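# Residue-level structure breakdown
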Amino acid sequence: MAQWQPIQIKRENGETVKAQAPIIVSASRSTDIPAFYADWFFHRLKVGYSAWTNPFNGVKSYVSYQDTRFIVFWSKNPRPLLQHLDYLKERNIGCYIQYTLNDYEKEGLERGVPKLSERVDTFKLLVDKLGKGRVIWRFDPLLLTDDISIDALLSKIGRIGDQLQGYTEKLVFSYADILSYRKVKANLEKSHIPYHEWTELQMLEFAEKLAELNKKWGYTLATCGEKVDLQRYGIVHNHCIDDALIIRFTYEDKKLMDFLNVKTFPMPVPNLFGESEPLPEDAILLPNNTYATHGDNRDKGQRQFCGCIVSKDIGEYNTCPHLCEYCYANSSKEIAVRNWKEHKKNQFGETIKGR
């Protein structure tokens, strides 16, 4: 399995400390770094390290970027990344973006994000900059309420999906699992949102209708962290931090390929009857008539049904001022706003919170 060793680094104050030196960075599942902390992150990338506070025990640790070869960004408004992407190219650091592009405007569930038309434009600008396949559309979570039915969700997805044709290869979604996340349940109830839990029958109904809708697009459909098996509808389990996708984009980066335990092979030569040996199930097609395979890089520390590979997430909870009503990353809107204000007092400090 992919892993990395701790190293010694020197902080800006001269102190020497132990740090993690991840090859792959997640920025971030815990907060929206591209939308609110892009300047901070790229400053820390140039400095060479940042600090991170463990949400479970409050212990501060350090993350060195000296070995970083790839970054997966997560965002609902990644437009601020546009001014920084050339720096990643200079550093030979690859990236792709998990772009959550929902439509809850009418219901006011995401009051802190830009209007939908602007977010669609941002999606297209990023694809023009990075290339198709490097910006992944997420509609996440799928939330049922008194006012949002399955058919209403499909209509919302349909309108966005039509606009993204030619700009995305994939749609990733998840069903809102409210009872499993105390913060989500508390935040929805505090805002008096009349939510409904998904039943498995409803999940299957939605999946069947989505697959039908997708016939005109041909997107890869995938679920994020879901137990329910939807393969009968052609819907797969996603790997949001995806070694296959990283290999596809950076197969010439030997250090990264070694980290991911990648092996490359020539494509099988057809015999006299035009038949070839079948490729391995996990084969990744590459240029120059070659394909790649990789080892088991799955992150065993993630949720049971998460397919992500090993990475280091450098975000912190309770720091996202999007203030979405269903948020799982903020204990409360008040705490998130307070931490955002603290960040602005020290915008380039070691931690996101500036302290």
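The written sequence of each chain sets the order in which its residues are numbered from 1. In view of the model being predicted, local features appear only for residues whose pLDDT reaches at least 70, and side-chain atom pairs are presented and counted only at 80 or more, with totals across whole chains, interfaces and linings using the full set of residues. Here the side-chain values reflect all heavy atoms present in the structure, with hydrogen atoms and water set aside.

Each helix and strand in the chain was counted, giving 10 helices and 17 strands. Relative to the globule expectation of 20 Å for 355 residues, the C-alpha radius of gyration of the chain, 21 Å, shows essentially globular dimensions. For the exposure calls, accessible area comes from a 1.4 Å probe over protein chains only, and a residue counts as buried if that area is under 20% of its type's maximum, exposed if over 50%, partly exposed in between. Across the 355 residues in the chain, those meeting the buried criterion constitute 54%. In what follows, residue pairs with any heavy atoms lying within 4.5 Å of each other are defined as contacts. Partitioning the intrachain contacts of the chain with sequence separation of at least 6 by distance along the chain shows that 70% fall at a separation of at least 24. His is not counted, nor are the chain ends, whereas Lys and Arg count as positive and Asp and Glu as negative. Taken as the charge location is NZ of Lys, CZ of Arg, CG of Asp or CD of Glu. Of the side-chain charges in the chain, 48 are positive and 46 negative, and the distance between the mean point of each set is 6 Å. Counting from the N terminus, the helices are the DSSP runs of H or I reaching at least four residues and the strands are the DSSP runs of E reaching at least two. All radius of gyration figures rest on C-alpha atoms, and the globule criterion is 2.2 Å times the number of residues raised to 0.38.

Right, let's talk about the pairing of strand S5 (residues 60-64) for a bit. Summarising the sheet, strand S4 (residues 49-53) and S5 pair through 5 bridges and their orientation is antiparallel. Note on S5: the bridge partner recorded for Trp 52 is Ser 61. Connecting S4 to the next strand, S5, in antiparallel fashion are 6 residues, including Gly 58 with a positive phi near 75 degrees. Two strands are counted as paired when DSSP detects at least two bridges linking them.

When you line up the elements, Arg 44 lands in helix H2 (residues 38-47). Of the residues examined, Arg 44 reaches a relative accessible area of 0% and is grouped as buried. Spatially, the C-alpha atom of Arg 44 lies 9.1 Å from that of Thr 351, the residues being 307 residues apart in sequence. Once residues within four sequence positions are removed from consideration, Arg 44 is found in contact with Glu 12, Tyr 49, Ser 50, Tyr 65, Phe 348, Gly 349 and Glu 350. Pairs of N or O atoms within 3.5 Å make up the polar contacts considered here, provided that, within protein, one atom can donate a hydrogen while the other can accept it, and that residues adjacent in sequence are counted only when both atoms are side-chain atoms. For Arg 44, the side chain forms a polar contact with the main-chain oxygen of Phe 348, separated by 2.9 Å.

With respect to the helices and strands, Arg 11 occurs in the loop between strand S1 (7-10) and strand S2 (16-19). A polar atom in the side chain of Arg 11 sits 2.5 Å from the side chain of Glu 15.

For the rest of this paragraph, the subject is unusual backbone geometry. A cis amide bond, omega -5 degrees, links Ala 27 with the succeeding residue Ser 28. Among the structural elements, Ser 28 can be located in the loop between strand S3 (24-27) and helix H1 (33-36). Here the amide bond leading from Asp 140 into Pro 141 is cis, since omega sits at 0 degrees, within 30 degrees of zero. Along the chain, the position of Pro 141 falls in strand S8 (residues 135-142). The backbone of Asn 92 sits at a positive phi, close to 60 degrees, despite the residue not being glycine. As for its position among the elements, Asn 92 is in the loop between helix H3 (85-90) and strand S7 (94-100).

This part takes up the state of the cysteines. In what follows, a disulfide is any cysteine sulfur pair within 2.5 Å. Summed over the entire model, instances satisfying the criterion amount to 0 disulfides. Between Cys 240, a free cysteine, and Cys 224, which holds the nearest cysteine sulfur, the sulfur-to-sulfur gap is 3.7 Å. Relative accessible area serves as the criterion here: at 2%, Cys 240 is assigned to the buried category. Here Cys 306 stays free of any disulfide, with the sulfur of Cys 308 as its closest cysteine sulfur at 3.6 Å. Judged by its relative accessible area of 6%, Cys 306 falls in the buried class.

The next subject is the sheet that holds strand S17 (residues 312-313). The strand order across the open sheet formed by 8 strands is S13-S12-S10-S8-S7-S6-S3-S17, and the pairing between neighbours is parallel. Pairing within the sheet leaves two strands with one partner each, and these edge strands are strand S13 (235-237) and S17. Pairing of S3 with strand S6 (residues 70-75), which is carried by 4 bridges, proceeds in the parallel orientation. The residue bridging Val 25 from the neighbouring strand is Ile 71, located in S6. Of the strands in this sheet, S7 and S8 touch helix H4 (residues 116-130), which is tilted by about 165 degrees from S7. Along the sheet, helix H5 (residues 150-163) contacts S8 and strand S10 (170-175); its crossing angle with S8, the most-contacted strand, is approximately 165 degrees. In this description, a line fitted to the C-alpha atoms serves as the axis of each element, helices being fitted only across the stretch in contact, and the angle between N-to-C directions of two axes falls anywhere from 0 to 180 degrees.

This brings us to the sheet that holds strand S16 (residues 290-293). Here we have 3 strands laid out as an open sheet, ordered S14-S16-S15, and antiparallel in their pairing. Taken across any chain shown, the strands that pair with only one partner, and hence form the sheet edges, are strand S14 (263-266) and strand S15 (284-286). Direction aside, neighbouring strands of the sheet carry axes that sit 35 degrees apart on average. As defined by bridge partners, S14 adjoins S16 across 4 bridges and the pair is classed as antiparallel. Along S16, the bridge assignment pairs Pro 266 with Thr 290.

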